[in-house]
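# Examining the three-dimensional arrangement
So the chains spell out like this:
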Amino acid sequence: MTTHKKLHAMIAAMATTGVLCTMPTGFAAEAQMQRAPAVEASAQTVPAAATAPSAAQRAAAHNEMQTAAQQTDKPVAVVRVDKKWGAVAPSGNLTIPAEYDEITSYAADAVAVRKGRTWGVVRLDGTVVVPPIYKTIRPLSAGIIIVSDAKDKVGAYNTAGRQILPVEYRAVGSFSDGISCVQRNDKKYVFYRQDGSLLTNDVYDAAYSFSEGLAAVKTSNGKYGFIDTTGTLVIPAAYDWAGGFQEGLCRVEVKNKLGFIDTSGTMVIPPQYRPGDVWDFQDGLAMIKEKKYRAFIDKTGAKVIRTHYSDVMPFENGLAEVRREVKVGLLGGFLTSAVSFATGVPTFGVGTDLIGEKVKRGYIDKTGAEIISTKNDYNSPFYNGMALVRVKSKWGIVDRKGAYVIEPKYKAIHFFHDGLAAVQDGDKWGFVGRDGKIVIEPKYDEVHDFTDEFAAVRQGTRSFFIDKTGHVPFLIPSMITEIGMFNEGYAPVKIDLAWGFIDRTGTVVIAPAYDEVRTHSYTTDHL
């Protein structure tokens, strides 16, 4: 699969849940490296189980899809013409003109675009929301886009494209409860509403973003208190430091010790922890540091879990990630080749899984029991309630209770997509259902995950699509030399030296005219 350049770190952060994925050109490329002819499937070369639809059936399906395409001109992919990028719709029209040096997903209905070294935001219909003149653009949050310029001055736009804060501040916090904490150039703090108006004329020496309707501020007496969303000081400034409320409680410092207050200002857990030795509440528990290991307290301050780990993450949905160091790196190079990930899926592993080779991940539940063992060769972060595990050099999948969804017996594995997970048994790939049983026998040399009910696969030098029963839904025209993954009813295909698109009947609906294509696969955070 061809990879595109990594974006600036700020832009890259946007793409963890939604990415632009370059079309998989590896099928045909591998055949060429083997010096075998890249001949596509025909009536003689597709598997014997394949039954192609009749001409009448294909024509009817194609006409139905064309009618649907005419009703919407939402782009299905980002395309490159020469050295510039744009976005193409099912009609073949470029809804975003090919005038940008780079395009990456930003929201379900918008992309981030780069011209030269600066970035902007453009809707999928081509409307410019943020002009491409900024050094960095933060991920969309609460309907606000925060930007910074070449001098690191910060401002903000709303999703209508109106600049609500001029790009002139030292820092602009995310809008929470409709309000942002802003640091001016004189290093003082003020609060702005989403319409760009000041919350009050009060100025603070230090302040934090709102959380649960309250924001910590440092007043003229040098102490911290809390204001509400009207700007009124509702919890007196009596603390040496204060954080933000989480699950109804907030850390505060008194005489170099940390405790917790509730939203009324009542001290619920008396100050007793050194700074850095207690964390915010999450999933009903707060982590504390003991002499060697981590423990957890409940909202009364009672210690309810003691762990045997010094590296522990807060609880989330009933589980906490724990880590232990190993003397020898066990991941090595196998992970990147053994674990593959599909369009739009966060990728974990060497180079992207930040725990590193000499640290092993596990998970404990709220009883302190280790649900997924750190003794496994590897445990991935959870995705859609499941984690990949490698046990004695074999791969499987577990749920959040630690139960095997797929027993660890495969050479390689993918996460589930469209209800099926790709697995490699020996040298061949097939697909397994959520019951752990083989649905499509391993007989392919390469597979991509199911999207839009179809998966692109390769057998020998032949690349084609299969449905979720393993049947070939249509025959690929012989002039197609490479295929990509379906996205919203369309798949990129290469004809001669250019990319075009086919629909779900295998009919070429967008003529080949592009040098490279990427799908827009972000599904959340509409502008």
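Residues numbered from 1 in each chain as written. Predicted model: local features only at pLDDT ≥ 70, side-chain atom pairs only at ≥ 80, totals over all residues. Heavy atoms only, no water.

### Quick look at the sheet that holds strand β18 (residues 224-227)
Judged by pairing direction, the sheet is antiparallel, and its 4 strands sit side by side in the order β16-β17-β18-β19 without closing on themselves. Only two strands of the sheet have a single partner each, and these edge strands are β16 (206-207) and β19 (233-239). (Pairing = 2+ DSSP bridges. Helix = DSSP H or I, 4+ residues; strand = E, 2+ residues; numbered from the N terminus.)

### A look at the packing of aromatic side chains
Note on aromatic pairs: each is described by the distance of the centres and the angle between the planes. Counted by the stated rule, this structure contains 19 aromatic pairs. Members of the aromatic cluster, each reached through a chain of ring pairs, are F454, F465, F474 and F486. One cation-aromatic arrangement involves R434 over F416; the distance from NZ or CZ to the ring centre is 4.7 Å. Taking the ring centre of F454 as reference, the NZ or CZ of R504 above it sits at 4.4 Å. (Phe/Tyr/Trp six-rings, centres within 6.5 Å; stacked < 30°, edge-to-face > 60°. Lys NZ or Arg CZ within 6 Å of the ring centre and 35° of its normal.)

### Re the side chain of S180
Considering the arrangement of structural elements, one finds S180 in strand β14 (residues 179-183). Looking at S180, the relative accessible area reads 0%, which means it is buried. Of the polar contacts made by the side chain of S180, one reaches the backbone oxygen of G173; its length is 2.6 Å. Dropping the residues within four chain positions of it, S180 is found in contact with V172, G173, S174, F175, V190, F191 and Y192. (Buried < 20%, exposed > 50% of the residue type's maximum accessible area, 1.4 Å probe, protein only. Polar contact = N/O pair within 3.5 Å; in protein donor to acceptor, adjacent residues only side chain to side chain. Contact = heavy atoms within 4.5 Å.)

### Concerning the nonpolar core
As a rule of thumb, nonpolar side chains are buried together in soluble globular proteins. Counting residues in each nonpolar core, the largest one holds 26 residues, and the members touching the most others are F431, F465, I466 and I502. Only β37 (420-425), β38 (428-432), β39 (438-444), β41 (455-459), β42 (462-466), β43 (480-483) and β44 (491-495) provide two or more residues apiece to this core. Counting 16 residues, the second largest nonpolar core, distinct from the first, contains A110, W119, V130 and Y134. (Core = buried A, V, L, I, M, F, W, Y, C linked by side-chain atoms within 4.5 Å.)

### Points about the confidence of the model for the protein chain
With 79% of its residues at a pLDDT of 70 or more, the protein chain has an overall mean of 82. pLDDT under 50 marks residues 1-52. Its contacts with residues more than four places away, or in other chains, come to 116 contacts. Across residues 328-356, where pLDDT falls below 50, the model places 60 contacts with residues more than four positions away in sequence or in other chains. (pLDDT = per-residue confidence, 0-100.)

### Section: unusual backbone geometry
The residue K187 is not glycine, and still its phi comes out positive at about 70°. Phi at N256 takes a positive value of approximately 65°, unusual for a residue other than glycine. Structurally, N256 is set in the loop between β21 (249-254) and β22 (257-262).

### Some remarks on the pairing of strand β10 (residues 144-148)
The buried count for β10 comes to 5 of 5 residues, which makes it a mostly enclosed element. Side-chain alternation along β10 places I144, I146 and S148 on one buried face and I145 and V147 on a second face that is also buried. Note: strand β9 (residues 136-137) against β10, 2 bridges, orientation antiparallel. Looking at β10, one finds that I137 is bridged to V147. Linking β9 to β10, which pair antiparallel, is a turn of 6 residues; within it A142 sits at a positive phi near 55°.

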